[in-house]
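Now for the letters of each chain:
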Amino acid sequence: MRYRRATNSGACWFFTVNLADRQQDLLVRHIDLLREVLRHVKQQHPFEMIAMVVMPDHLHAIWQLPPDDNGYPMRWSLIKAGFSRRLAKTERIRESRLRKRERGIWQRRYWEHLIRDDKDLQAHVDYIHFNPVKHGYCAKPVDWPYSSIHRHIAAGWIGPDWAIDSDAGRE
């Protein structure tokens, strides 16, 4: 049975991508590697990164794909593979993954959501930026270093006090 995904060209997408072992902190421990791999994939297969947050064991991202392009699965495959290949093989690998020549770092699948409109986009950007607070990693979204919130603040789209003492992003 083949897993089916939506294939809207030029669309805006929200993603959640998890490590296989949710007790690991590989994504923040190797943040420079993750950034390098993302940069490389973006150079080879352009897309706009609207928002992103990297947590120890998962990440959320919003991408805008170019017109006539629906290749987000290929991009995620390249990102996951590029990251995995450059890490030492220390993880436990199940027999089913060995047969498929997989490492066992990432969950096989990820969650995608087609952004429907500006309101939906704003809700997901807010969710991304508030996620470190939701998970208890910091008291204020601006305190989390692995978030696009810093780019949004620098651009003047939000202030550094965004979501402090408010319900913004809490869903």
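The structure we're discussing is the one just above.
Right, let's walk through the structure included here.

Thresholds, definitions, all that
Residues numbered from 1 in each chain as written. Predicted model: local features only at pLDDT ≥ 70, side-chain atom pairs only at ≥ 80, totals over all residues. Heavy atoms only, no water. Helix = DSSP H or I, 4+ residues; strand = E, 2+ residues; numbered from the N terminus. Expected span 1.5 Å × (residues − 1). Bend = angle between axes of the 7 residues up to and from the residue. Buried < 20%, exposed > 50% of the residue type's maximum accessible area, 1.4 Å probe, protein only. Contact = heavy atoms within 4.5 Å.

**A short note on helix 5 (residues 118–134)**
Argument step 1. Along its 17 residues, helix 5 runs 23 Å from first to last C-alpha, staying within 8% of the 24 Å computed at 1.5 Å per residue.
Argument step 2. Of all the bends in helix 5, the greatest, near 35°, is centred on Ile 128, and the proline Pro 132 appears no more than four residues after it.
Argument step 3. Of the positions making up helix 5, those classed as buried are Asp 120, His 124, Val 125, Asp 126, Tyr 127, Ile 128, His 129, Phe 130, Asn 131, Pro 132 and Val 133.
Argument step 4. Each element contacted by the buried residues of helix 5 is listed here: strand 1 (12–18), strand 2 (48–54), strand 3 (58–64), strand 4 (111–114) and helix 6 (149–154).
Argument step 5. Two residues or fewer after helix 5 comes Gly 136, characterised by a positive phi angle close to 80°.

**Side note on unusual backbone geometry**
Argument step 1. The backbone of Asp 68 shows a phi angle near 60°, a positive value even though the residue is not glycine.
Argument step 2. Inspection of the secondary structure assignment puts Asp 68 in the loop between strand 3 and helix 3 (72–85).
Argument step 3. With relative accessibility at 76%, the residue Asp 68 sits in the exposed group.
Argument step 4. With a phi angle near 70°, Ala 163 is a residue other than glycine that sits in the positive phi range.
Argument step 5. Relative to the helices and strands, Ala 163 resides in the segment after helix 6.
Argument step 6. Using a relative accessible area of 8% as the deciding quantity, one classes Ala 163 as buried.

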